[in-house]
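Read off the chains here:
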Amino acid sequence: MEWLGKKNSGEIGNFDNKKNNSYFYIMQTKEGNRYKYAKVFVELTSCSKGYGYVYYNNMEGEFTGKDQFIRFGETVADALGSMACTSWDSLTGKKSLVANNEAWENVAEAVESGDKYFIRNDMVRKTKYNNKPVVSAIYRYDMVKSNKKIYGEFIFELASCKRGYGVVYDLSFDGKVTEKYDVALNGNSVLSGAISKVCGKI
């Protein structure tokens, strides 16, 4: 497939009933001899924090889907979202975020499958979740056999880092819990290895 952005089609737009809080452009996709067109847009806050959603609308402005993206990442959605942010930066003459090619760290790897967890070092932070102090980390899970990359956010209580066990919350980029797992630090599971590394960064 090919994904092509229409030159000079980019504009500041409105999202979720808020004015001038997104950037969109027109995209053409080609698969075989078929062409499709869509509006691709991202929230401007996603450009500055480095991750969020790419949203797709048809030409009548109807929502057709969304994908998670990381700026300067390797997936198609990453490229589509990053292009909107780069265009916005060009429009304003300011860089909303600078690429950090050393940001991703391989923190755990499965022996049999070869699947890997990567943590974005510049996106590990202390925050609060359900009114409790936690560590938040943006991760990428590389599925080697299927060549897929999955993004998400790990949430783990700071108290759990200290006592060595607890519950990991796996969140999508809109803050919804997709899974939760029991984990003991320094265990043999891939997730245990990943969270142990996260706790070691705070």
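See above for the structure.
What you are looking at is a predicted structure, and each value in this text was computed from that prediction instead of being measured.

So, how was this worked out
Residues numbered from 1 in each chain as written. Predicted model: local features only at pLDDT ≥ 70, side-chain atom pairs only at ≥ 80, totals over all residues. Heavy atoms only, no water. Helix = DSSP H or I, 4+ residues; strand = E, 2+ residues; numbered from the N terminus. Buried < 20%, exposed > 50% of the residue type's maximum accessible area, 1.4 Å probe, protein only. Contact = heavy atoms within 4.5 Å. Pairing = 2+ DSSP bridges. Axes fitted to C-alpha atoms, helices over the stretch in contact; angles between N-to-C directions.

Visitor: Can you lay out the side chain of S172 for me, pointing to particular residues and giving the numbers?
Guide: Following the sequence through the fold, S172 ends up in the loop between β11 (165-171) and β12 (177-184). Look at S172 and you get buried, because its relative accessible area is 12%. Those residues within four positions of S172 in sequence are excluded, and the remaining contacts are Y53, Q68 and T178.

Visitor: Requested: an account of the sheet that holds strand β9 (residues 132-143), with residues and values cited.
Guide: Here 6 strands make up an open sheet; going across it, the order is β7-β8-β9-β10-β11-β12 and the pairing antiparallel. The open sheet is flanked by β7 (104-109) and β12, the only strands paired with a single partner. The sheet shows a mean angle of 35 degrees between the axes of neighbouring strands, taken without regard to direction. Summarising the sheet, β7 and strand β8 (residues 116-129) pair through 5 bridges and their orientation is antiparallel. Opposite E109, over in β8, you have K116 as the bridge partner. Along the sheet face, helix α4 (residues 190-199) touches β7, β8, β9, β10 (148-157), β11 and β12 and points at about 140 degrees away from the line of β7.

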